[in-house]
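Chains, contacts and geometry: an overview
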Amino acid sequence: MISLRQILALLCLCAGLVTGQVASAQSADVPALQGNEDRNFQFTPSGLSVYKLAAGDVISIRVLGEDDLNREKIRLTDAGSISYPALGEIRVMNMTIGDLEKIITDGLRGRFLVNPKVSVQIDEYRPFYINGMVDKPGGYPFQPGLTVRKAASLAGGFKERASVNKVFIIRESDPAQRSQNASLNSPVYPGDIVTVEESFF
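What counts as what
- Residues numbered from 1 in each chain as written.
- Predicted model: local features only at pLDDT ≥ 70, side-chain atom pairs only at ≥ 80, totals over all residues.
- Heavy atoms only, no water.
- Phe/Tyr/Trp six-rings, centres within 6.5 Å; stacked < 30°, edge-to-face > 60°.
- Helix = DSSP H or I, 4+ residues; strand = E, 2+ residues; numbered from the N terminus.
- Buried < 20%, exposed > 50% of the residue type's maximum accessible area, 1.4 Å probe, protein only.
- Salt bridge = Lys/Arg side-chain N within 4 Å of Asp/Glu carboxyl O.
- Expected span 1.5 Å × (residues − 1).
- Arc of directions from axis to C-beta.
- Contact = heavy atoms within 4.5 Å.
- pLDDT = per-residue confidence, 0-100.

Before going further, it helps to spend a moment on the packing of aromatic side chains. Counting across every chain of the model gives three aromatic pairs. Ring geometry for tyrosine 51 and tyrosine 125: centres 5.0 Å apart, planes at 85°, overall edge-to-face. Taken together, the residues tyrosine 51 in the loop between helix H1 (4–27) and strand E1 (58–63) and tyrosine 125 in the loop between strand E5 (118–124) and strand E6 (127–132) connect sequence positions 74 residues apart. For tyrosine 51, a relative accessible area of 1% corresponds to the buried category. In this structure tyrosine 125 comes out as buried when scored by relative accessible area, which is 16%.

Structural data, given as structure tokens:
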């Protein structure tokens, strides 16, 4: 004979299964953003960025004690390349800052300098884009720590009929370019496209 405790346990198990099935069915419609990280924009425990460079980024290159080799505010071409003295054109698409520093250091060492000290910094990130129910849709320069809420503020704020529950992001880093559900606190990265839809109620 089944006890009352066993009956209650079975009911809880069934309820859990039904809830899981409903949640799975809802999430199958439109994929939701997973976590707050993006593989193209992370920081290691030491604080070094592994952000990957691409067309539109603006960088500066400095070589310690070698003013002739310094270059300020170089914008990456559409092909994701830069022109640098002594080394010619360098394709830096998808490189990190550390990758580029190593390439320039290795290129200068021996032929031009004994022990070059190279530093590269990002002066301006490529823009993100926001459209739909915001006051001034368009492209805006990315800022570290950007969220959907802050992105909307840069674009003049939400319009009266904007639906904050119908916000979608297409990640630049997503090869499939899928539109994913987002919240006001979801992070926005360079090259992302944010869409705010209209509320009909």
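What follows deals with the pattern of salt bridges. Should the charged atoms of two oppositely charged side chains come close, the side chains can pair. Evaluation of the coordinates by the stated rule reveals nine salt bridges. Arginine 161 serves as the salt-bridge partner of glutamate 198, at 3.5 Å between the closest nitrogen and oxygen. Within this pair, whereas glutamate 198 is found in strand E10 (residues 193–198), its partner arginine 161 is found in the loop between helix H3 (148–154) and strand E8 (162–170), the two being separated by 37 residues in sequence. The partner of aspartate 192 in a salt bridge is arginine 171, with the nearest N and O atoms 2.4 Å apart.

Okay, helix H2 (residues 97–108) next. Within an α-helix, residues lying three or four positions from one another point in the same direction, as the helix has 3.6 residues per turn. Between its first and last C-alpha, H2 extends 17 Å over twelve residues, near the 16 Å set by a 1.5 Å rise per residue. For H2, the set of buried residues is Ile97, Leu100, Ile104, Thr105, Gly107 and Leu108. Along the axis of H2, the buried residues cluster in a sector spanning 165°; they form a single face. The inward-facing, buried residues of H2 abut E1, strand E3 (81–84), strand E4 (88–91) and E5. Of the residues trailing H2, glycine 110 is marked for its positive phi of about 90°.

The topology assignment puts serine 179 in strand E9 (residues 179–182). Take serine 179: its relative accessible area is 35%, and that puts it in the partly exposed class. Here the alpha-carbon distance between serine 179 and isoleucine 193, two residues 14 residues apart in the chain, equals 9.0 Å.

Quick look at the confidence of the model for the chain now. The pLDDT averaged across the chain works out to 82; a share of 75% of its residues lies at or above 70. Mean pLDDT across the elements of the chain ranges from a minimum in H1, with 42, to a maximum in H3, with 97. pLDDT under 50 marks residues 7–29. Its contacts with residues more than four places away, or in other chains, come to one contact. Overall, residues 43–48 carries pLDDT values under 50, and its contacts beyond four positions in sequence, including any with other chains, amount to four contacts.

Tracing the sequence through the fold places serine 199 in the segment after E10. Its relative accessible area of 18% is what places serine 199 among the buried residues. Among residues more than four places away in sequence, those in contact with serine 199 are Arg161, Ala162 and Ser163.

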